[in-house]
Amino acid sequence: MEMTYEQWKEARKGIKRYLSTPGWSLLIYYAIMNVAVVGWMFVEIFTSLFQGITSGDFSDIESAIMQSAESAWGYFLAAAVGLIILLIWKKPRYFREEIFKKGAPMTFGGFFTILCIFLSGQMVFQLGTSLLEIILNSFGYSIMEGMESLQPDPDNFSMFLYAGILAPITEEILFRGLIQRSMLPFGKKFAIFVSSFAFGLFHGNLLQTPYAFVVGLVLGYVAAEHNIVWAMVLHMINNLVLGDMLYRLLGSFPDDTVNLIIWGVILAFTVAAVILMIFKRREIAAWLRENKMEKEYTKCYFTCAGTIVLLVIMGLNILTTTFMMIAPL
């Protein structure tokens, strides 16, 4: 039985209300994260100020302010609060039956293929950064120093723990667990796209947003077809190996040598990914055919209130953060 126009209009309203949920959920977590991070900074600063007042020595206050700005303990607090709220909202059963639901078993060959494709996403980041740097250089500006500030401080233990271990766990639960799982009624491809799109927005600058979107597609596929734990593993490998350990190992080398080695590693994974994707092109094409993304759902998603507000707030954050990273040559 076909729906009348009024029935479809009412159904469309219901779909848009449902598709607004990811946007509102992410905005709530974004607010929690900012309050926790800023709140923790103030606690550390006021603690140092109080110690200075009682001891009469204010020499460490400037150092405390710098350390509080680089500390990740506020992110730990935000992650804890976010997970507690999610547990209360969705109940532990949702974690067992939905977020950590098992799919097809992961084989060694399959994992190696996915790992190569996943790590080749770094090429998007490097090429995008290089292109943006060339454009900015022509106007007398640079973003390279701002890009270097994205690399974790090797001496900051809290940031190492957060970026390498806690962030991959909490981000996968939030984006591939809560957001992607809630979008599966509209199809796997649509669910993966929505979670990846939001994942990119949350990385907050023009350098990392496109890269996060691309790798989010791979993480989304892994979580949808296999298990979210494998997505966490891939996320940790990326953050720990390419985001921290490689820079630690190459710390004593000249900058030109470091750049050459990193480009070599990324190029090797990219070449391997291209070769493997050529061999598996029929499987990839079959999956894409089987999992179509309905245009009407996409229209509803980008015109619903939750997505629009999320886009505006995160878009302003991306523009502001990127602008702050740009400096004169």
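Predicted model only: the values in this text are computed from it and were never measured.

As for the overall build of the protein
Secondary structure assignment for the protein yields 14 helices and 2 strands. Burial statistics for the protein: of 329 residues in total, 41% are counted as buried. The long-range fraction of contacts in the protein, counting pairs at least 24 apart against all pairs at least 6 apart in sequence, stands at 81%. Here the protein displays about 18,300 Å² of accessible surface, and carbon together with sulfur accounts for 69% of that area.

Regarding helix 4 (residues 108–119)
With 12 residues, helix 4 extends 16 Å between its outermost C-alpha atoms, agreeing within 8% with the 16 Å of an ideal straight helix rising 1.5 Å per residue. For helix 4, the set of buried residues is F111, T113, I114, L115, C116, F118 and L119.

What about the side chain of S20?
Looking at the element boundaries, S20 is found in helix 1 (residues 5–55). A polar side-chain atom of S20 sits 3.4 Å from the main-chain amide nitrogen of A305. Here S20 is in contact with C304, A305 and G306, once residues within four sequence places are set aside.

A word on a nonpolar patch on the surface
A contiguous nonpolar surface patch, about 390 Å² in accessible area, is contributed by W40, W73, L77, V81 and I85. Looking at the nonpolar patch element by element, the count peaks at 4 residues for helix 3 (residues 73–99). Relative to the assigned elements, L77 resides in helix 3.

Some remarks on the packing of aromatic side chains
The final tally for this structure, using the stated rule, is 20 aromatic pairs. Here F193 and F213 contribute two aromatic rings whose centre-to-centre distance is 6.0 Å and whose plane-to-plane angle is 85 degrees, an arrangement assigned as edge-to-face. Of this pair, F193 sits in helix 8 (residues 188–201) while F213 sits in helix 9 (residues 208–225); the two residues are 20 residues apart in sequence, bridging distant segments of the chain. Residue F193 is classed as buried on the basis of its relative accessible area, which comes to 19%. Ring centres of F197 and Y301 lie 6.3 Å apart, and the angle between their planes is 85 degrees; on these two criteria the pair is classed as edge-to-face.

Re unusual backbone geometry
Trans peptide bonds make up the majority, and among non-glycine residues the majority have a negative phi. We note that K91 has phi near 75 degrees; this positive angle belongs to a residue other than glycine. The exposure class assigned to K91 is partly exposed, which follows from its relative accessible area of 48%.

With respect to the confidence of the model for the protein
Per-chain confidence: the protein averages 87 in pLDDT, with 89% of residues scoring 70 or above. Confidence, read as mean pLDDT per element, is least for helix 2 (residues 61–70) in the protein (63) and greatest for helix 8 (96).

What about helix 8?
With 14 residues, helix 8 extends 20 Å between its outermost C-alpha atoms, agreeing within 8% with the 20 Å of an ideal straight helix rising 1.5 Å per residue. Judged by how many residues are buried, helix 8 sits mostly within the fold: 12 of 14 residues are covered. The complete set of buried residues in helix 8 reads F190, A191, I192, F193, V194, S195, S196, F197, A198, F199, G200 and L201.

Structural notes on the packing of helix 5 (residues 122–137) against helix 9
Close contact between helix 5 and helix 9 brings their axes to 8 Å; oriented N to C, the two are set at 160 degrees. Relative to helix 9, the element helix 5 lies roughly antiparallel. Where helix 5 crosses over helix 9, the handedness of that crossing is right-handed. Each of Q122, V124 and F125 in helix 5 lies in contact with helix 9, whose residues at this interface are Q208, Y211 and V214.

Here we look at the side chain of S196
Summarising the element assignment, S196 is placed in helix 8. Judged by its relative accessible area of 0%, S196 is buried. Within the local environment of S196, its side chain forms a polar contact with the backbone oxygen of I192, the two atoms lying 2.7 Å apart. Setting aside residues no more than four positions away along its own chain, S196 makes contact with F213, G216 and L217.

Description of the state of the cysteines
As enumerated under the stated definition, the model contains 0 disulfides in all. In this structure C304 is a free cysteine whose sulfur lies 8.2 Å from that of C300, the closest cysteine sulfur available.

Basis of the calculations
Residues numbered from 1 in each chain as written. Predicted model: local features only at pLDDT ≥ 70, side-chain atom pairs only at ≥ 80, totals over all residues. Heavy atoms only, no water. Helix = DSSP H or I, 4+ residues; strand = E, 2+ residues; numbered from the N terminus. Buried < 20%, exposed > 50% of the residue type's maximum accessible area, 1.4 Å probe, protein only. Contact = heavy atoms within 4.5 Å. Areas by Shrake-Rupley, 256 points an atom, 1.4 Å probe, with all protein chains shown as cover. Expected span 1.5 Å × (residues − 1). Polar contact = N/O pair within 3.5 Å; in protein donor to acceptor, adjacent residues only side chain to side chain. Patch = residues over 30% accessible without salt bridge, like charges linked within 9 Å, V, L, I, M, F, W, Y side chains within 5 Å. Salt bridge = Lys/Arg side-chain N within 4 Å of Asp/Glu carboxyl O. Phe/Tyr/Trp six-rings, centres within 6.5 Å; stacked < 30°, edge-to-face > 60°. pLDDT = per-residue confidence, 0-100. Axes fitted to C-alpha atoms, helices over the stretch in contact; angles between N-to-C directions. Parallel < 35°, antiparallel > 145°, perpendicular 65-115°, else oblique. Left-handed = near helix turned anticlockwise from the far one by under 90°. Disulfide = S-S within 2.5 Å.

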